[in-house]
Amino acid sequence: MQRSKTTCVIPDFKEPHFFQNYRGILRSFTIGEASSYFMSMSAIMLGCDVVVQRYNRNKKTHRVFPKSLATPRLMDISHKKHRYTFLESASEKTIPLASAIEAKDKIRSKHVLAHAGITTPVGGAANATNLSALEYFAKAGVRSVIVKPATGSRSQGILERATLAQAKQHIIKNPKTLYIVEQFIPGHAVRAHVVGNEVVASARLAPISITGDGVHSVKELIQSKINQRKMHPKFYDKPMDTAKVLAHLRDINVHTSTVLAANKVLPLTNSSLPDDDSDTVWYLDNLTDDDKALAVRAASVLGLKSTGVDLMKSVSGTTYVLELNSKPGIGFLCMPTHGLPNLRVPEALLRWHFPKLGDQVRTIKRYDYLRLLSDYQSNTEQNEFSAADYVEFA
């Protein structure tokens, strides 16, 4: 597959203005604002007009996007005669209504993917009154499962590596929740972002860990990790929970004076699920052509033109599709904790929407997105905000 044209150069986020802006977004708002920040920044650099909207005037999106928002995540992006309404990184062009509904329904989307021959973990729906999925696993000899809510995201409410008895107990304790129960597959989780028919970015979502060098102790490596994370806006105001880390090390009988062998990876958490403390490791160059083709095909099956495809690279070598996100966050792909900052996803999205965008790029010296956020929330009588009013070009 041909790589997307990439001309936008992300500003230097070590420079105080950009570092403080992005840190402030992550500290006070959500991943949605982070996505809108990178989308609007890229659009301005590529010569598009960006108008942040308080109310959604595009009737085509009323059943997909909210009609109004408390923060500036809804914007009209236009170039020449073409205009699209975006909610963060999604538009009416990337998620048609039927596809949005199908992707949100994890149980239905799992069945659709499996019917199309997409490799997904074996599983099914379960609730307090219907535990037939657990009975199926028992008959099949499956002993370890993962239990996750049928709705929701970001690994919330998930029980991993559970026995069938633990899964049953967990489900019965939450009688109002519908769950998906799947066979637990050892491996590592990867996000592949598809735009059109191409994977344009990917990151491995890695629970926090340290890697030995054969010289430094575990204690020294942890301190180095703490210092390293302070250099990233995501973790600047979020120190590592060292008490929790030390408790985990005691549980696995690892002393802080231990010197790890070179390249030996030591997890600093007992969970294999990605969470807000996880590292995001740029992974595009590590995805195989088969992995990319699988992600693109999964997106095509659900009719999504831009989507975050969650993959599981199993220890056995098989790649599974876990789920697809119709309105995926892109901040962690633009600013991975391990890898170079980039604007691959927003630029690919903009070029897909506006094929006649040229190669000329305007360099941004300042983009005071925090001031835009403040004005949006304080000037409640104002319905439109031009993002260009908050930009200073080099």
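Scroll up a little and you will see the structure.
When helices and strands are counted, the protein shows 13 helices and 18 strands. Against the globule reference of 21 Å for 394 residues, the protein gives a C-alpha radius of gyration of 22 Å, in line with a compact fold. Its C-alpha atoms give the protein principal-axis dimensions of about 60 × 50 × 45 Å. Burial analysis of the protein (394 residues in total) assigns 50% to the buried set. For the protein, long-range pairs separated by at least 24 residues make up 72% of all intrachain contacts whose partners lie at least 6 apart in sequence. For the protein, the accessible surface area stands at approximately 19300 Å², while carbon and sulfur atoms represent 50% of it. Here the protein contributes 51 positive and 36 negative side-chain charges, whose respective centroids are spaced 4 Å apart.

Spatially, five strands are ordered β4-β3-β2-β1-β17 in an open sheet, and the strand pairing comes out antiparallel. Two strands lie at the open edges of the sheet, namely β4 (90-91) and β17 (384-386), each paired on one side alone. With respect to the sheet, helix α2 (residues 31-45) is in contact with β1 (49-53), β2 (74-79) and β3 (82-87), its orientation differing from that of β2 by roughly 20 degrees.

This brings us to the environment of Lys264. Locating Lys264 in the fold gives a position in the loop between α9 (242-251) and β12 (265-267). Residues Lys264 and Gly212, 52 residues apart in the sequence, show an inter-C-alpha distance of 5.1 Å. Residues in contact with Lys264, not counting those within four places in the same chain, are Ile210, Thr211 and Gly212.

Read across the open sheet, the five strands follow the order β13-β10-β9-β14-β15; overall the sheet is antiparallel. Since the sheet does not close on itself, it has two edges, and those belong to β13 (279-282) and β15 (319-325), each with one partner. Ignoring strand direction, the axes of neighbouring strands in this sheet form an average angle of 30 degrees. Relative to β15, strand β14 (residues 306-314) is paired through six bridges, and the arrangement is antiparallel.

Moving on, we come to the packing of aromatic side chains. For the structure on display, the rule yields 14 aromatic pairs. Relative to Tyr367, the ring of Tyr37 has its centre 5.7 Å away and its plane inclined at 10 degrees; by these criteria the two rings are stacked. In this pair, Tyr37 sits in helix α2 while Tyr367 sits in strand β16 (residues 364-367), placing the two residues 330 residues apart along the sequence. Take Tyr37 and Tyr367: they sit in the same class, and that class is buried. Plain terms: the ring middles of Tyr367 and Tyr369 are 5.7 Å apart, the flat faces sit at 65 degrees to each other, and that makes the pair edge-to-face. A relative accessible area of 1% means that Tyr369 is categorised as buried. Members of the aromatic cluster, each reached through a chain of ring pairs, are Phe13, Phe18, Tyr22, Tyr37, Phe38, Tyr367 and Tyr369. Over the ring of Tyr376 we find Arg54, and its NZ or CZ is 4.3 Å from the ring centre. When the ring centre of Trp352 is taken as reference, the NZ or CZ atom of Lys93 above it lies at 4.5 Å.

Not every positive phi belongs to a glycine, and Lys80 is a case in point at roughly 55 degrees. Structurally, the position occupied by Lys80 is in the loop between β2 and β3. With relative accessibility at 70%, the residue Lys80 sits in the exposed group. In this structure, Arg161 takes a positive phi of about 50 degrees despite not being glycine. By the element assignment, Arg161 lies in strand β7 (residues 159-162). The exposure class of Arg161 is partly exposed, given its relative accessible area of 46%.

Quick notes on the rules
- Residues numbered from 1 in each chain as written.
- Predicted model: local features only at pLDDT ≥ 70, side-chain atom pairs only at ≥ 80, totals over all residues.
- Heavy atoms only, no water.
- Helix = DSSP H or I, 4+ residues; strand = E, 2+ residues; numbered from the N terminus.
- Rg over C-alpha atoms; globule rule 2.2 N^0.38 Å.
- Buried < 20%, exposed > 50% of the residue type's maximum accessible area, 1.4 Å probe, protein only.
- Contact = heavy atoms within 4.5 Å.
- Areas by Shrake-Rupley, 256 points an atom, 1.4 Å probe, with all protein chains shown as cover.
- Lys, Arg positive; Asp, Glu negative; His and termini not counted.
- Charge placed at Lys NZ, Arg CZ, Asp CG, Glu CD.
- Pairing = 2+ DSSP bridges.
- Axes fitted to C-alpha atoms, helices over the stretch in contact; angles between N-to-C directions.
- Phe/Tyr/Trp six-rings, centres within 6.5 Å; stacked < 30°, edge-to-face > 60°.
- Lys NZ or Arg CZ within 6 Å of the ring centre and 35° of its normal.

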